[in-house]
Amino acid sequence: MSDQLNYEVIVIGAGPAGYAGAIRAAQLGLKTACIDRSVGKDGQPSLGGTCLNWGCIPSKALLDASQKYAELQGLDTFGIETKEVRLDLPKMIARKDAVVARLTGGISSLFQANGVDFFPGTGRLLSGRRVVWTDHEGSTTELTAEHVVLAPGSVPIDIDAAPVSNEGIVDSTGALEFDVVPRQLGIIGAGVIGLELGSVWARLGSKVIVLEALDSFLPMVDTRIAHEALRTLRKQGLDIRLGARVVAATEANDSVEVVYRDEDGDQNISVEKLIVAVGRRPYTENLLAQDSGVSLDERGFLYVNDLCETGVPGVFAVGDVVRGPMLAHKGAEEGVMVAERIAGFKPLVNYTTVPNVIYTHPEIAWVGRNEQELTSEGEAIATGSFSFGASGRALAANDAEGMVKIVADADSDQILGVHVIGPHASELIAQAVIAMEFSASAEDLGLTMFAHPTLSEAVHEAALAVDGRAIHTVNRKKK
Ligand code: FAD
Ligand code: NAD
């Protein structure tokens, strides 16, 4: 060991969970360091973790760009004639990289402005809240801390049936970097990544086949919304095959030969590229010395309680590496909570109001419980829904597919869940999160005034519909 440095807080990992926690700790006056090993496309350290480098941000940059490209081809509906629309894929990818560079550089500036010491390289927790930092050249330094926050994130799950080569077979990272649009694109997994990246490449011209092992589509989503999503995405050209488990994939010259098994036996398809998007797993390789005292749960996540405390006093874990949804905002809230608790405050994360969004078009978003979960548990519920087909603003924008559905407790009328498929669902869901944070009833939302004409009126009308009082749709007869 060449040196000894002491901190009040050391954070390992600078994704949304780690960097948010490090910045908040420094804001609160704690002497804070953050170690992160990620390196960007330019070979330089790049803060922001999966989300900024290979996840949320680059995927949304391509989703937005490809959506603009797709919309340009349908502008005649608005009475706008376009000449030939051409795709410049290298430019689209370069713009995505520029957005990533701007945001990752932004975290670097925020670290400097807040006084977070950044150590590029790998961190490993030893016993006694000691941390070994190994820099990118391989030299090691021991740091000590009063508190350590572990935020190493997650990585894609590999399957033996389709080993990622980064040539024909890629994971989500490779799928953000194609230099030509694949003519035929196979995707294993109709989860969030499969549908988002499938949408990008289908809009740019790929013939996309999505192979999903389960018989059901988006089982975590309200059944009515999932049904609508499947119908709409198939109409857009995504060939989504359910009950299709991939059993083998081999790369030939310029193709990938895929074998999947469905109820009729083995089926073969040939594609130019194959994306493996079968989930992510917590990343804990080389993170813990044997005597660190931190334990993993049976699924390989770092074990923590609701306050993100591991079993070792002063050692916390946050983000994708711990239980709960693998979402950037969930991790960031945990990072901030831990920093504030270290500083002596008592915040909590409300895990019942974590919003989920799938950035297809239309977008799918939800918060809280859905109808099938609640009815299977015997809860008495009331529901109200409103279709964007009856929304003046959605029709004006020619973007009127989908609906808002609100699920409330039948007795108290408290909102238990809100489910949206439709334009700007990712933004609309924030209204539901706020309502649920304040334990609002459907009536509370119904009594609130919404500007006209807006998409938000669909939230208002769905809330009114819970009690059969929607104005711009025919209400279900009350029993
Ligand atoms: P990460 O972001 O994974 O960051 C962990 C960091 O720690 C990494 O930089 C890693 O290199 C570093 N690290 C690991 N081990 C060590 C170590 N021992 N020493 C030093 N550094 C270490 N979520 C959303 O909420 N919205 C989205 O739209 C969204 N889109 C996504 C799209 C894609 C394609 C993918 C793959 C993911 C997406 N996610 C999205 C998920 C989101 O990226 C993760 O939930 C989020 O990044 C988790 O944050 P984290 O801080 O826990 O971990
Ligand atoms: P996922 O769990 O959402 O979906 C994986 C799908 O692959 C499942 O439906 C599973 O049944 C299927 N599958 C598994 N093995 C298979 C096989 N052999 N053949 C066919 N199908 C198979 O995982 P993901 O889409 O990889 O996403 C990983 C994580 O990243 C998610 O947990 C999500 O939270 C996060 N993420 C979030 C966003 C967002 O918030 N918009 C976007 C991207 C990723």
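Refer to the structure printed above.
What counts and how
- Residues numbered from 1 in each chain as written.
- Chains lettered and ligands numbered in written order.
- Predicted model: local features only at pLDDT ≥ 70, side-chain atom pairs only at ≥ 80, totals over all residues.
- Heavy atoms only, no water.
- Buried < 20%, exposed > 50% of the residue type's maximum accessible area, 1.4 Å probe, protein only.
- Helix = DSSP H or I, 4+ residues; strand = E, 2+ residues; numbered from the N terminus.
- Pairing = 2+ DSSP bridges.
- Near = heavy atom within 4 Å.
- Polar contact = N/O pair within 3.5 Å; in protein donor to acceptor, adjacent residues only side chain to side chain.
- Areas by Shrake-Rupley, 256 points an atom, 1.4 Å probe, with all protein chains shown as cover.
- Nonpolar A, V, L, I, M, F, W, Y, C, P; charged D, E, K, R; others polar.
- Core = buried A, V, L, I, M, F, W, Y, C linked by side-chain atoms within 4.5 Å.
- Contact = heavy atoms within 4.5 Å.
- Axes fitted to C-alpha atoms, helices over the stretch in contact; angles between N-to-C directions.
- Parallel < 35°, antiparallel > 145°, perpendicular 65-115°, else oblique.
- Left-handed = near helix turned anticlockwise from the far one by under 90°.

Colleague: Would you mind going over the pairing of strand S19 (residues 363-368) with me for this structure?
Modeller: Within a regular strand, the side chains alternate between the two sheet faces. The buried fraction of S19 is high, at five of six residues. Where strand S18 (residues 356-358) and S19 come together, three bridges link them in antiparallel fashion. Counterpart to Val-357 in the pairing with S19 is Ala-365. Counted along the chain from S18 to the antiparallel partner S19, the turn is four residues long. Strand direction decides the pairing type here: S19 and strand S22 (residues 415-422), joined by six bridges, are antiparallel. Of the residues in S22, the one forming a bridge with Gly-368 is Gly-417.

Colleague: Is there a simple way to explain the site of ligand 1 in this structure?
Modeller: Near ligand 1 you find 38 residues, and of these Asp-36, Ser-38, Thr-50, Lys-60 and Gly-123 are the closest. Ser-38 places a side-chain nitrogen or oxygen 2.7 Å from an oxygen atom of ligand 1. Relative to its unbound accessible surface of 1,000 Å², ligand 1 loses 94% to contact with the protein. Among the elements that line the shell around ligand 1, the one with the most residues is helix H2 (residues 49-54), at four residues. Of the residues belonging to the shell around ligand 1, the class tally is 17 nonpolar, 16 polar and five charged.

Colleague: Hey, could you run me through the site of ligand 2 in this one?
Modeller: Near ligand 2 there are 22 residues, and of these Ile-193, Glu-196, Glu-212, Gly-279 and Val-357 occur at the shortest range. Contacts to ligand 2 include Met-326, whose backbone N or O atom sits 2.9 Å from an oxygen atom. Protein contact buries 78% of the 860 Å² of open area that ligand 2 shows by itself. Only helix H5 (192-203) and strand S12 (245-251) provide two or more residues apiece to the shell around ligand 2. Element by element, the count of residues in the shell around ligand 2 is highest for H5, at three residues. A class-by-class count of the residues in the shell around ligand 2 yields 15 nonpolar, three polar and four charged.

Colleague: It is not clear to me how the nonpolar core should be interpreted in this structure. Could you clarify?
Modeller: Soluble globular proteins tend to bury their nonpolar side chains together. Formed by 38 residues in total, the largest nonpolar core has its most connected members in Phe-217, Leu-218, Ile-240, Ile-275 and Ile-364. For this core, the secondary-structure elements that each account for two or more residues are helix H3 (56-72), helix H4 (89-114), strand S9 (184-188), H5, strand S10 (207-211), helix H6 (223-235) and S19. Setting aside residues up to four positions removed in sequence, Phe-217 forms contacts with Ala-190, Leu-195, Ala-226, Ala-229, Leu-230, Leu-233, Ile-240 and Leu-242.

Colleague: How should the sheet that holds strand S8 (residues 169-170) be read in this particular structure?
Modeller: Consider a sheet: its strands pair through backbone hydrogen bonds, and that pairing is either parallel or antiparallel. Strands sit in the order S8-S15-S9-S10-S11 across an open sheet of five strands; the sheet is parallel. At either end of the open sheet lies a strand with only one pairing partner, and these are S8 and strand S11 (239-241).

Colleague: I would appreciate a short explanation of the packing of helix H1 (residues 16-27) against H4 in the present structure.
Modeller: Helices that pack against each other are described as a pair by the angle of their axes relative to one another and the distance between those axes. For the pair H1 and H4, the least separation of the axes is 9 Å and the interaxial angle reads 20°. The angle between H1 and H4 places the two elements in the roughly parallel class. In this structure, the crossing between H1 and H4 has a hand that is left-handed. Facing Tyr-19, Ala-22, Ile-23, Ala-26 and Gln-27 of H1, the residues of H4 in contact are Ile-107, Leu-110, Phe-111 and Asn-114. A breakdown of the residues in the contact of H1 with H4 according to their chemical character gives seven nonpolar, two polar and no charged.

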